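Secondary and tertiary structure notes
As a plain string of letters, each chain reads:
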Amino acid sequence: MPEDKKSAAEVHAESLTGRADAALKRGYSTAAKPQVTHIVLTAPVTVGGKQTAGSTARVTDGWMLGVDVPHGLVTLARTVTVEGREQLHEAVVPFSAVVSIHYAGS
Amino acid sequence: MRHVIRPALPEHLGFVVKPWLQELRRSSTTRYLTDRVFFQEHGHVVNNLLATCRVDLACDPDDESHFYGFVAYAQGEHECVVHWLYVKSAFRQLGIGRALYEHATHGARAIASHVNDFVMGPLRSTWEKYGLTYNPYVLRGAHA
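Residues numbered from 1 in each chain as written. Chains lettered and ligands numbered in written order. Predicted model: local features only at pLDDT ≥ 70, side-chain atom pairs only at ≥ 80, totals over all residues.

1. What about the sheet that holds strand β3 (residues 63-75) of chain B?
Residues and elements named next belong to chain B. Spatial ordering of the open sheet is given by β1-β2-β3-β4-β5-β6, a layout of six strands whose pairing is mixed. Each end of this open sheet is capped by a strand with a single partner; those strands are β1 (4-7) and β6 (132-134). Across the sheet, the axes of successive neighbouring strands diverge by a mean angle of 35°, strand direction being ignored. Against the sheet, helix α1 (residues 13-25) touches β2 (54-60), β3 and β4 (80-87), its axis set at about 90° to β4. (Pairing = 2+ DSSP bridges. Helix = DSSP H or I, 4+ residues; strand = E, 2+ residues; numbered from the N terminus. Axes fitted to C-alpha atoms, helices over the stretch in contact; angles between N-to-C directions. Contact = placed C-beta atoms within 7 Å.)

This is how it looks when you write it as structure tokens:
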């Protein structure tokens, strides 16, 4: 197997650890997926010092939102640029803490 | 979408250079270049442009270190020259790109010094609506 190819088990393990890049690739690639506009949670969430407006995380409030259906997780993320370097802050929330997920056009 | 547009500071240019080069690298316009040649040579071009052009960032109004995108541009002899405009994929289709473009050009015709496949494909009608002209020759001298 070429070195840059990962086995399905490795990919699965990587996604379960909630690694930022894996989560981003899963949730934020918009070419083939409907775009999430907002997610309603059971309680407000704070990520990197910023709290959701009430219990709703909206893209229009600057949240990057990912939905990982196979693992039953949603991801809320935002980036902060410090001295030219982007740092990703994220929270991975289980579906049990999600009231509803809203997509563009729905 | 709520955002503010503000000038980039020198320490923000890392945010500008990386997506600019990466998006251009994925374009068919650079298909026949090796990675080494492209990143070395076009890195020079971008750094030289950044030394003279203006860069403005679109940011979260509540946290100006959370960037949504940028526009790099310069006022040419007759028209504004837009070197690169970028919006993070999570924040596309929300009007930020249009706001950055209109901020740079004030709605007037403009020249684009770079293009990629996305601009010349799915964004083609927007390109034509704004009356953009692709002219890479405005970059002459940017490789010094």
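2. With respect to the environment of Arg78(A)
Structurally, the position occupied by Arg78(A) is in strand β6 (residues 73-82). Spatially, the C-alpha atoms of Arg78(A) and Gln51(A) are 11 Å apart, while their sequence positions differ by 27 residues. The contact partners of Arg78(A), leaving out residues within four places of it in the chain, are Val47(A), Gly48(A), Lys50(A), Gly62(A), Trp63(A), Met64(A), His89(A) and His66(B).

3. Remarks on the environment of Val119(B)
Residue and element names in this part refer to chain B. Here Val-119 is to be found in helix α4 (residues 117-120). Classification of Val-119 as partly exposed rests on a count of 18 C-beta atoms within 10 Å. C-alpha separation for the pair Val-119 and Thr-30, spaced 89 residues apart in sequence, amounts to 14 Å. (Buried ≥ 20, exposed ≤ 12 C-beta atoms within 10 Å, placed from the backbone.)

4. Some points on the confidence of the model for chain A
All names here are of chain A. For chain A, per-residue confidence averages 75 on the pLDDT scale, and 67% of positions sit at 70 or higher. At the low end of the mean pLDDT range in chain A sits helix α1 (residues 8-16), at 42; at the high end sits strand β4 (residues 56-58), at 95. For the stretch residues 6-24, pLDDT sits under 50, and the model shows 16 contacts to residues farther than four places along the chain or on other chains. Below pLDDT 50 for its whole length, residues 28-32 participates in six contacts with residues either more than four positions away or in separate chains. (pLDDT = per-residue confidence, 0-100.)

5. Some words on the interface of chain A and chain B
Counting residues at the interface gives 16 residues for chain A, matched by 17 residues for chain B. At the level of secondary structure, the elements contributing two or more residues to the side of chain A that touches chain B comprise β6 and β7 (85-94) of chain A. With five residues, β6(A) is the largest single contributor of residues to the side of chain A that touches chain B. Residue classes in the side of chain A that touches chain B are distributed as five nonpolar, six polar and five charged. (Nonpolar A, V, L, I, M, F, W, Y, C, P; charged D, E, K, R; others polar.)

6. What to know about the sheet that holds strand β8 (residues 98-103) of chain A
Residue and element names in this part refer to chain A. Taken together, the three strands give an open sheet; going across it, the order is β4-β1-β8, and neighbouring strands pair in antiparallel fashion. Of all strands in the sheet, those with a lone pairing partner are β4 and β8, marking the two edges. Each strand of the sheet is rotated relative to its neighbour by a mean of 15°, with strand direction disregarded. With five bridges joining them, strand β1 (residues 36-41) and β8 adopt antiparallel strand pairing. Within the sheet, the bridge partner assigned to Val-40 lies in β8 and is Ser-100.

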